[in-house]
Amino acid sequence: MVDAHGVTLTPGLIDSHVHPVVGDYTPRQQQLHWIDSTLHGGVTTMISAGEVHMPGRPRDVVGLKAMAIAAQRWYENFRPSGMKVHAGAPVLEEGMVEDDFKEMAEAGVKLLGEVGLGTVKDGKTARQMVEWARKYGIQSTIHTGGTSIPGSGLIDADMVLETDADVIGHVNGGHSALPDDQIVCLCENCSRGLEIVHNGNGRAALLALNTARELGQLERVILGTDGPAGSGVQPLGILRMVAMLSSLGDVPAEVAFCFATGNTARQRALDTGLLEVGQAADFVLMDQAQHAPGKDILESVRLGNLPGIGMTIIDGKPRSGRSRNTPPARRLPEVVSGPG
Ligand SMILES: [Zn+2]
């Protein structure tokens, strides 16, 4: 039992786009405990867009299937600091056939890594593989925009539309965005998820947001960090996206929080991200930050300030107390009794 002391309750935030490797370690920036730090930023669920930073990542079909299945298992069996990490997201490589997707799905793989990070770089092949994945219940996402690291490539609007993955991964680029007309084209010419990431282009993020709003389709907007990345790990990345889109994109704070909770949950068919009976008990208790301007937490976020996080709860268990990463909250919740 928790006495919230009047602070705000939200669903646990969801990072729709991360690149985990193993446990709470990332070789990308040689960091330990980046997932624990992200929990302190209010995120309770992470979705892998591919374990692409694994040193020596196998590119052959047998090897990539084995790693995908193993990665799904090692994050299912071990939740760093309680974080729910949906991982085991293989990157498409040439030579994969329908049976490979069937085999992985039967073994528990539910996601594809970003299409375009492997050797499959043409829309026709990618679309065929995405359709096979979908047939067996595996969700797909596609890298959108310029090259991220050596070995990746440009994925333009034509290829994104031809591939027709479930989520248009980092529609604002990761790092480099597509030209404005192509971003607008993607928003207008399909109904797939529009993922905006911290590791992308901020101006392009606002363009995608404004286009989605003009189309009356804000429910398509979901948020990710794309971390760990060249830009580092971003423990407060999702909160910073919420504050940035709310303040510069002129969206009410409570709507911007939906981009990082219910929108993602619905698009990705998760049992979290909504405060409803029957959903997982994944919560964040947060309050206006000390000395941050605004008459309340919503106005403070809309002015571009981060909230202060006082507690995270995953599956009904408190997992972290006062955040070591956000500015301190004005008021803090308190555990008043435990089970039994
Ligand atoms: Zn990418």
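Anything mentioned here points back to the structure above.
The structure displayed is predicted, hence computed values, not measured ones. (Residues numbered from 1 in each chain as written. Predicted model: local features only at pLDDT ≥ 70, side-chain atom pairs only at ≥ 80, totals over all residues. Heavy atoms only, no water.)

Participant: Residues and numbers for the overall build of the chain, please.
Facilitator: The helix and strand tally for the chain stands at 11 helices and 15 strands. In terms of overall dimensions, the chain is globule-like: its C-alpha atoms have a radius of gyration of 19 Å, near the 20 Å expected for 340 residues. C-alpha atoms of the chain, sized along the principal axes, occupy 55 × 45 × 40 Å. Per-residue burial over the chain gives 56% buried out of 340 residues. For the chain, the share of sequence-separated contacts (at least 6 apart) that also reach a separation of at least 24 residues comes to 75%. Working note: accessible area of the chain is about 13,400 Å², and carbon and sulfur atoms make up 52% of it. (Helix = DSSP H or I, 4+ residues; strand = E, 2+ residues; numbered from the N terminus. Rg over C-alpha atoms; globule rule 2.2 N^0.38 Å. Buried < 20%, exposed > 50% of the residue type's maximum accessible area, 1.4 Å probe, protein only. Contact = heavy atoms within 4.5 Å. Areas by Shrake-Rupley, 256 points an atom, 1.4 Å probe, with all protein chains shown as cover.)

Participant: Describe in detail the coordination of the zinc ion, supporting the description with residues and values.
Facilitator: At the metal site, the zinc ion is ligated by Glu114 (OE), His143 (ND1) and His170 (NE2), and these contacts range over 1.8 to 2.2 Å. Overall, the relative accessible area of 2% leaves glutamate 114 in the buried class. (Donors = N, O, S within 2.8 Å, 3.2 Å for Na, K, Ca; no water.)

Participant: Break down the sheet that holds strand E14 (residues 317–320) for me, citing the residues and quoting the values.
Facilitator: Spatially, four strands are ordered E2-E12-E13-E14 in an open sheet, and the strand pairing comes out antiparallel. The outermost strands of the open sheet, each flanked by one partner alone, are strand E2 (8–11) and E14. On average, each strand axis in the sheet is tilted by 30 degrees relative to the strand beside it, whichever way the strands run. In this structure, E2 lies alongside strand E12 (residues 283–287), joined through four bridges in antiparallel fashion. Note that in E12 the partner of threonine 8 across the bridge is methionine 286. (Pairing = 2+ DSSP bridges. Axes fitted to C-alpha atoms, helices over the stretch in contact; angles between N-to-C directions.)

Participant: Go over the sheet that holds strand E10 (residues 193–197) with me, naming the residues and quoting the values.
Facilitator: Pairing is parallel across the open sheet formed by four strands, whose spatial order is E8-E9-E10-E11. In this open sheet, the two edge strands, each paired with only one partner strand, are strand E8 (141–142) and strand E11 (221–224). The pairing of E8 with strand E9 (residues 167–168) spans two bridges and is classified as parallel. Within the sheet, the bridge partner assigned to isoleucine 142 lies in E9 and is isoleucine 168. Each of E10 and E11 touches helix H8 (residues 237–248); the most contacted strand, E11, lies at about 140 degrees to it.

Participant: Go over a negative patch on the surface, please, and point to the residues and values.
Facilitator: Together, Glu94, Asp122, Asp158 and Glu162 make up a negatively charged patch on the protein surface. With respect to the element layout, glutamate 162 can be found in helix H5 (residues 157–163). Glutamate 162 gets classed as partly exposed once you look at its relative accessible area, which sits at 38%. (Patch = residues over 30% accessible without salt bridge, like charges linked within 9 Å, V, L, I, M, F, W, Y side chains within 5 Å. Salt bridge = Lys/Arg side-chain N within 4 Å of Asp/Glu carboxyl O. Lys, Arg positive; Asp, Glu negative; His and termini not counted. Charge placed at Lys NZ, Arg CZ, Asp CG, Glu CD.)

Participant: Give me the lowdown on the pairing of strand E6 (residues 43–48), citing residues and values where you can.
Facilitator: The buried fraction of E6 amounts to six of the six residues, a majority that puts the element mostly inside the structure. In this sheet, E6 lies alongside strand E3 (residues 13–18) in parallel orientation, the contact comprising four bridges. Bridging across to E6, aspartate 15 finds its partner in methionine 46. When E6 meets strand E7 (residues 84–86), the two strands line up parallel, connected through three bridges. If you follow isoleucine 47 over to E7, its bridge partner there is histidine 86.

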